[in-house]
Amino acid sequence: MASYLPEAPSSPPSPPLADSSDAEHRLREAEDRLREAIEELQRRQRRAAACGPQQHPPCHHASDESCVANAIGNLCQSFLLSYGVRVGIGILLRAFKLARRQSYSSLLDLKQLVSEKDLIVREEACRVGLLFGGFTGSYHALRCLLRKLRKKETPLNAILAGSVAGLSILALDDSNRRRTLALYLLARVAQSAYNSAKSKNKFHLWGSHWRHGDSLLFSLACAQVMYAFVMRPESLPKSYQDFIQKTGPVAKPVYKAVRDCCRGFPVDITSLSAYLSERRNSNYVKLEEFPSIIPCSVIHPDTSSCLAHNAKATSATFRKTFPLYFSLTFVPFVVLHLQKFMDAPARTCWLAVKGAVRSTSFLSAFVGIFQGVICLHRKVASKDHKLLYWTAGGLSALSVLIEKKARRGELALYVLPRAGDSLWYILVNRHLLPDIKNAEVFLFCACMGGIMYYLEHEPDTMAPFLRGLIRRFLASRISNPSPPPNRNASYTYLQTLDVMNKPKLQESREANASPSAKYNLESIPGL
């Protein structure tokens with residue numbers, strides 16, 4: 001009976017999984033062939049355009065805007081931004097000065113807050129505006145001119161435009177400031193060149209992978225700067241000397257006596273005695289014309305305790321420098337990111353206060369450690385030596401560990417040009433280097449050419465801080481260009497294919513990546 005029963009109908013067979021994968025594979029092959037055909041068509045179009053007369057790459061500004069109008073617009077924008085930042089910092093520092101005098105009602109009096117007598121920043125702000133605005137405007141104009149003259153877009157265009165536009169440094173009339181800026185950019189160009197060579201496996205500096213390599217560089221630079229401040233103050237810019245002098249607790253006559261003592265020169269007892277007689281509770285020992293060491297009673301005559309002196313110096317430095325750091329943190333952020341400030345003003349103020357407290361604590365600890373090393377040496381030694389101040393500067397620089405990791409490298413590259421400036425002066429003074437007039441201008445121009453090359457063609461090699469500053473502060477639309485107006489449909493279709501394939505490629509890369517590749521910091525761009 002069972003043989004006469006009808007068989008149950010079988011379910012329809014499911015399509016094999018191989019069919020869907022084969023279809024996807026064929027679709028990808030078709031997309032690849034279409035991509036190759038479109039790229040070949042574009043190559044032929046470019047070759048034909050290159051052979052045609054009077055053809056040049058399109059400019060990166062809007063098609064309805066002339067090259068001259070674009071350059072003038074960028075010049076005015078950068079001038080107003082830089083002028084506003086400098087004036088804003090001056091006004092905020094003036095407000096802190098009035099508040100310190102407990103004259104709170106004068107904060108609302110514009111005559112006292114922004115009077116020409118007390119707020120002398122107009123000329124300096126104009127010079128800073130001409131520096132940044134002149135560079136930006138001339139750079140954009142030169143880029144457009146080079147495209148039309150050379151009829152091609154190459155890295156040489158960026159180098160030439162940046163170098164010639166660097167002549168805007170002549171807006172600053174102080175050669176010391178020009179030299180400092182030139183050396184700062186030289187350090188930045190060296191950093192970008194090293195990162196570029198390292199990313200291409202061409203060069204790798206021993207020790208660059210150290211966790212605190214930036215702190216070590218900062219310590220070496222600070223050692224040279226503090227040695228120069230004590231032993232060769234004329235090798236530092238006058239403004240930098242004044243900043244260190246006002247930040248620290250030791251007076252100028254004492255530093256001069258220390259300098260003469262280390263060199264074996266006679267100490268100026270008359271000026272030193274006049275200074276000490278004005279100090280309260282001064283219990284200094286009898287002064288000698290040729291002392292072996294300047295005692296602590298002369299270095300800090302107001303107190304007999306070295307520990308109390310160092311604590312007082314640290315707290316005094318915090319009070320003196322907090323307004324400066326708050327101004328340098330708050331004003332540039334408000335001027336350059338006005339929309340973010342309007343969206344969250346309370347958060348902006350909190351971040352500015354937090355950053356200012358951290359930076360001020362770092363500088364206060366620097367002063368305290370430097371003074372502590374000097375006092376400790378006088379407890380254990382009976383003869384002074386100039387290398388002590390080099391060592392004290394290097395040890396006190398360890399306070400940079402209070403700062404964020406990202407800030408340490410920036411601080412190191414900020415102090416390094418100061419050390420280089422001092423070394424430059426000493427070598428020229430000893431006739432080991434030739435004294436070339438306006439050498440800092442040529443150096444600045446050459447460095448700006450290199451900076452603009454790396455900004456446009458290898459931006460990942462630059463520090464994020466400097467890259468973002470140039471792109472935003474200098475209003476450099478070239479550094480973040482919009483697509484030229486003559487892109488055709490084939491270009492748009494290629495971009496669409498890239499967007500469609502990107503998630504798939506990303507998933508396959510993540511699936512095939514080994515754990516060591518995922519967590520290797522050296523594989524992250526920029527590290």
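Residues numbered from 1 in each chain as written. Predicted model: local features only at pLDDT ≥ 70, side-chain atom pairs only at ≥ 80, totals over all residues. Heavy atoms only, no water.

Novice: Tell me about the overall build of the chain, and please be specific about residues and values.
Specialist: Across its full length, the chain carries 20 helices and 0 strands. Within the chain, buried positions represent 39% of all 527 residues. For the chain, the share of sequence-separated contacts (at least 6 apart) that also reach a separation of at least 24 residues comes to 73%. Of the accessible surface of the chain, which amounts to about 31000 Å², a share of 62% is contributed by carbon and sulfur atoms. (Helix = DSSP H or I, 4+ residues; strand = E, 2+ residues; numbered from the N terminus. Buried < 20%, exposed > 50% of the residue type's maximum accessible area, 1.4 Å probe, protein only. Contact = heavy atoms within 4.5 Å. Areas by Shrake-Rupley, 256 points an atom, 1.4 Å probe, with all protein chains shown as cover.)

Novice: Just give me the short version of the packing of aromatic side chains, but keep the residues and values in it.
Specialist: Enumeration according to the criterion identifies 8 aromatic pairs in this entry. Their ring planes at 5° and their centres at 5.5 Å tell us that Phe326 and Phe330 sit as a pair that is stacked. With Phe326 and Phe330 both in helix α12 (residues 306–336), this residue pair falls 4 residues apart, about one helical turn. According to the relative accessible area criterion, Phe326 is buried, its value standing at 12%. According to the relative accessible area criterion, Phe330 is buried, its value standing at 16%. Measuring from centroid to centroid gives 5.0 Å for Tyr453 and Tyr454, while their planes differ by 70°, and the two rings are edge-to-face. We note Arg418 situated over the ring of Tyr240; from NZ or CZ to the ring centre the distance is 4.3 Å. (Phe/Tyr/Trp six-rings, centres within 6.5 Å; stacked < 30°, edge-to-face > 60°. Lys NZ or Arg CZ within 6 Å of the ring centre and 35° of its normal.)

Novice: Go over helix α15 (residues 387–396), please, and point to the residues and values.
Specialist: Along α15, the residues classified as buried are Leu388, Tyr389, Ala392, Gly393, Gly394 and Ser396. Elements in contact with the buried residues of α15: α7 (213–231), α9 (252–263) and α14 (345–380).

Novice: If you had to explain the packing of α7 against α9 to someone new, which residues and values would you point to?
Specialist: Between α7 and α9, the shortest axis-to-axis distance is 8 Å and the interhelical angle comes to 95°. Compared by their axis directions, α7 and α9 come out roughly perpendicular. On the side of α7, the interface is formed by Phe229, Val230 and Met231, while α9 contributes Tyr255, Val258, Arg259, Cys262 and Arg263. The residue makeup of the contact of α7 with α9, split by class, is 6 nonpolar, no polar and 2 charged. (Axes fitted to C-alpha atoms, helices over the stretch in contact; angles between N-to-C directions. Parallel < 35°, antiparallel > 145°, perpendicular 65-115°, else oblique. Nonpolar A, V, L, I, M, F, W, Y, C, P; charged D, E, K, R; others polar.)

Novice: Describe a positive patch on the surface, and please don't skip the residues or the numbers.
Specialist: Taken together, the side chains of Arg100, Lys312, Arg319 and Lys320 make up a positively charged region of the molecular surface. A per-element tally of the positive patch places α12 first, with 3 residues. Mapped onto the secondary structure, Arg100 falls in helix α2 (residues 67–100). (Patch = residues over 30% accessible without salt bridge, like charges linked within 9 Å, V, L, I, M, F, W, Y side chains within 5 Å. Salt bridge = Lys/Arg side-chain N within 4 Å of Asp/Glu carboxyl O. Lys, Arg positive; Asp, Glu negative; His and termini not counted. Charge placed at Lys NZ, Arg CZ, Asp CG, Glu CD.)

Novice: Which residues make up the side chain of Ser219, and what are the values?
Specialist: Within the secondary structure, Ser219 sits in helix α7. Those residues within four positions of Ser219 in sequence are excluded, and the remaining contacts are Gly393, Gly394, Ala397 and Leu398.

Novice: Please set out the pattern of salt bridges residue by residue, giving values where relevant.
Specialist: It is possible for side chains of opposite charge to pair when their charged atoms get near one another. Per the stated rule, a full pass over the model turns up 17 salt bridges. With its nearest N and O atoms 3.9 Å apart, the salt bridge here joins Arg177 to Glu124. Here the residue Arg177 occupies a position in helix α6 (residues 175–199), and Glu124 occupies one in helix α4 (residues 122–150), the gap between them amounting to 53 residues. The class for Arg177 is partly exposed, based on a relative accessible area of 36%. Arg188 is the salt-bridge partner of Glu410, the closest N and O atoms lying 2.2 Å from each other. Taken together, the residues span a long stretch of sequence, with Glu410 in helix α16 (residues 405–429) and Arg188 in helix α6 at a distance of 222 residues. Summarising the burial analysis for this pair, Glu410 and Arg188 share the class buried. In the salt-bridge network here, residues are joined through shared partners; they are Arg143, Arg147, Glu153 and Glu456.

Novice: Kindly report on the nonpolar core, identifying the contributing residues and their values.
Specialist: Phe218, Val230, Val254, Leu272, Phe330 and Phe370 are the most contacted members of the largest nonpolar core, which has 55 residues in total. Here the element with the most residues in this core is α7; it accounts for 10 residues. Structurally, this core is a two-domain feature, drawing no fewer than three residues from each of domain 1 (211–249 + 304–433) and domain 2 (251–299). With residues near it in sequence (within four places) discarded, Val254 still touches Leu272, Tyr275, Val298 and Ile299. Judged by nonpolar contacts, the second largest core, of 26 residues, contains Leu131, Cys445, Met448 and Tyr454. (Core = buried A, V, L, I, M, F, W, Y, C linked by side-chain atoms within 4.5 Å. Domains from an automatic or database assignment.)

Novice: Describe a negative patch on the surface, with residues and values.
Specialist: Together, Glu29, Asp32, Glu36 and Glu39 line one region of the surface with negative charge. Turning to its location among the elements, Asp32 is positioned in helix α1 (residues 17–51).

Novice: Provide a residue-level description of the state of the cysteines, including the pertinent values.
Specialist: The final tally for this structure, using the stated rule, is 0 disulfides. Of the cysteine sulfurs around Cys144, a residue in no disulfide, the closest is that of Cys67, at 3.6 Å. The exposure class assigned to Cys144 is buried, which follows from its relative accessible area of 4%. With no disulfide of its own, Cys296 lies 3.8 Å from the sulfur of Cys306, the closest cysteine sulfur. (Disulfide = S-S within 2.5 Å.)

Novice: Please set out a nonpolar patch on the surface residue by residue, giving values where relevant.
Specialist: The grouping of Leu216, Leu220, Leu387 and Trp390 at the surface amounts to a nonpolar patch, some 370 Å² of accessible area in total. Every element with two or more residues in the nonpolar patch is listed here: α7 and α15. Structurally, Leu387 can be placed in helix α15.

Novice: So what's going on with the environment of Arg147? Which residues, and what values?
Specialist: With respect to the secondary-structure elements, Arg147 resides in helix α4. Its relative accessible area of 1% is what places Arg147 among the buried residues. Sequence separation of Arg147 and Pro57 is 90 residues, and the distance between their C-alpha atoms is 6.2 Å.

Novice: An account of the environment of Thr360 is requested, with residue identities and associated values reported.
Specialist: Considering the arrangement of structural elements, one finds Thr360 in helix α14. Note: C-alpha distance between Thr360 and Glu403 (43 residues apart in sequence) is 9.6 Å. If we skip the residues at most four places from it in the chain, Thr360 touches Thr317, Phe318, Thr321, Phe322 and Tyr325.

Novice: An account of the environment of Arg418 is requested, with residue identities and associated values reported.
Specialist: Checked against the element boundaries, Arg418 lands in helix α16. When neighbours within four sequence positions are excluded, Arg418 is seen to be in contact with Thr180, Val225, Leu236, Pro237 and Tyr240.

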